[in-house]
Amino acid sequence: MKILLVEDDHTISGAIRDGLRQEKFAVDIEENGEDAYHSALASAYDLIVLDVLLPGMNGIELAHALRDKNVQIPILMLSAKNQIVDKITGLNTGADDYMAKPFSFEELLARIKALLRRPSATIGCVLRVDTLTLDTVTNEVTREGQKIPLSAKEFSLLEYLMRNKQQVVSKNNLLNHVWDFDADVLPHTVEVNVANLRLKVDKPFKRPLIHTVRGFGYAIKE
């Protein structure tokens, strides 16, 4: 899953980015509202973590501008202010959740995961395709009861496929949602990672779940 972090404090943004990457998220950072606005329109993000106090266009204005463009990406707004009126302003502008600084990374992570579960109430914390399960809280993957160790990128790739099970997902979609904007991506990056994932998720078992749809992309299905 891919997150746009909009924060002009380098210390805060660096700490959040590092923590989220350890939790297997891809993270892009923007430091001002204008650049974040264009990034949100141009790229496929699963969630935006947005500070209110930004140079130029502030977080309230940015959230309002994105909703005016019918961008429905979930927004978690951050602010040094903790007054009820400030929370109401943020939520009424289009934010989906609001956190006052200072906050713990553990709470931030819990809020992010809660927002990412919202689009489909049936998804929950555990994703399932046939006998394959992926727990987004414990980061544990099993098939037929056997634990499957995955790298961070393999986990993110599998999570995105499972969140879109039965659907054909293009290589471009995988790149947009699983890899950071500034990641060192080679022409066969997706193919290599999918091949590695299949070696762990499919090869030891009787039936393949990850399928190539030639000319279109990949699909995971029973």
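Preceding this section is the structure that the text describes.
Chemist: Which residues make up the nonpolar core, and what are the values?
Modeler: Core analysis: the biggest nonpolar cluster contains 43 residues, and Phe25, Ile112, Leu132, Leu158 and Ile220 have the highest contact counts within it. Broken down by element, the residue count for this core peaks at six residues, all from helix H6 (residues 152-163). When sequence neighbours within four positions are dropped, the list of residues in contact with Ile112 reads Ile3, Leu20, Phe25, Leu47, Val49 and Leu76.

Chemist: Got a sec to walk through a negative patch on the surface? Specific residues and values, please.
Modeler: Together, Asp8, Asp9, Glu31, Glu34, Asp35 and Glu61 make up a negatively charged patch on the protein surface. Within the fold, Glu34 resides in helix H2 (residues 33-42). Residue classification places Glu34 among the partly exposed residues on the basis of a relative accessible area of 33%.

Chemist: Explain the pairing of strand S8 (residues 140-143) to me, and be specific about the residues and the numbers.
Modeler: Note that strand S7 (residues 132-135) and S8 share four bridges and pair antiparallel. Within S8, the position partnered with Leu134 by the bridge is Val141. Connecting the antiparallel pair S7 and S8 is a turn made up of four residues, with Asn139 showing a positive phi of about 60°. The hairpin turn running from S8 into strand S9 (residues 146-147), its antiparallel successor, is two residues long, and Glu144 in that turn takes a positive phi close to 55°.

Chemist: Break down unusual backbone geometry for me, with residues and values.
Modeler: Here the amide bond leading from Lys101 into Pro102 is cis, since omega sits at -5°, within 30 degrees of zero. Phi is positive for Asn70, which is not a glycine, with a value near 60°. Its location among the elements puts Asn70 in the loop between helix H3 (59-68) and strand S4 (75-79). Residue Asn70 is classed as exposed on the basis of its relative accessible area of 57%.

Procedures and definitions
- Residues numbered from 1 in each chain as written.
- Predicted model: local features only at pLDDT ≥ 70, side-chain atom pairs only at ≥ 80, totals over all residues.
- Heavy atoms only, no water.
- Core = buried A, V, L, I, M, F, W, Y, C linked by side-chain atoms within 4.5 Å.
- Buried < 20%, exposed > 50% of the residue type's maximum accessible area, 1.4 Å probe, protein only.
- Helix = DSSP H or I, 4+ residues; strand = E, 2+ residues; numbered from the N terminus.
- Contact = heavy atoms within 4.5 Å.
- Patch = residues over 30% accessible without salt bridge, like charges linked within 9 Å, V, L, I, M, F, W, Y side chains within 5 Å.
- Areas by Shrake-Rupley, 256 points an atom, 1.4 Å probe, with all protein chains shown as cover.
- Salt bridge = Lys/Arg side-chain N within 4 Å of Asp/Glu carboxyl O.
- Lys, Arg positive; Asp, Glu negative; His and termini not counted.
- Charge placed at Lys NZ, Arg CZ, Asp CG, Glu CD.
- Pairing = 2+ DSSP bridges.

The quantities given are spatial measurements derived from coordinates; they are silent on function.
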